[in-house]
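So you can see what is in the structure, the chains are spelled out below.
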Amino acid sequence: MSFWSDALRALQQVTLLQYKVEQALKVAEEARRDSQETRERLIQLETLIDIAMKRRPAPPPLQLPEG
């Protein structure tokens, strides 16, 4: 009977391990998606800053003091 108890316990542990691996894979996929969304937002912000910098008027030329 001990063999069957040990075998059942081992199967339960394998099932629990499989569940935990599946949960970890889901979390990793969510993290990957969040990372991709953050990267896309960063690109959008960089583009907006670049456009704003190009539209900004040039500063007036420096004038040397007379004298």
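Scroll up a little and you will see the structure.
## Some words on a nonpolar patch on the surface
Taken together, the side chains of Leu17, Val21 and Leu25 make up a nonpolar region of the molecular surface, amounting to roughly 300 Å² of accessible area. Mapped onto the elements of the fold, Val21 is located in helix H1 (residues 2-55).

## A few points about the pattern of salt bridges
For the coordinates displayed, the defined rule picks out four salt bridges. Two residues, Arg32 and Glu29, come together in a salt bridge whose shortest N-O distance is 2.7 Å. Here Glu29 and Arg32 lie together in helix H1, a separation of three residues that amounts to about one turn. Exposure remark for Arg32: the relative accessible area of 46% places this residue in the partly exposed category. Lys54 is the salt-bridge partner of Asp50, the closest N and O atoms lying 3.3 Å from each other. Here Lys54 and Asp50 lie together in helix H1, a separation of four residues that amounts to about one turn. Relative accessible area serves as the criterion here: at 39%, Asp50 is assigned to the partly exposed category.

## Some thoughts on a negative patch on the surface
On the surface, Glu30, Asp34, Glu37 and Glu40 cluster together into a patch of negative charge. As for its placement among the helices and strands, Asp34 is situated in helix H1. Taking relative accessible area as the criterion, Asp34 reaches 46% and is therefore assigned partly exposed.

Each value, and the rule that gives it
Residues numbered from 1 in each chain as written. Predicted model: local features only at pLDDT ≥ 70, side-chain atom pairs only at ≥ 80, totals over all residues. Heavy atoms only, no water. Patch = residues over 30% accessible without salt bridge, like charges linked within 9 Å, V, L, I, M, F, W, Y side chains within 5 Å. Areas by Shrake-Rupley, 256 points an atom, 1.4 Å probe, with all protein chains shown as cover. Salt bridge = Lys/Arg side-chain N within 4 Å of Asp/Glu carboxyl O. Helix = DSSP H or I, 4+ residues; strand = E, 2+ residues; numbered from the N terminus. Buried < 20%, exposed > 50% of the residue type's maximum accessible area, 1.4 Å probe, protein only. Lys, Arg positive; Asp, Glu negative; His and termini not counted. Charge placed at Lys NZ, Arg CZ, Asp CG, Glu CD.

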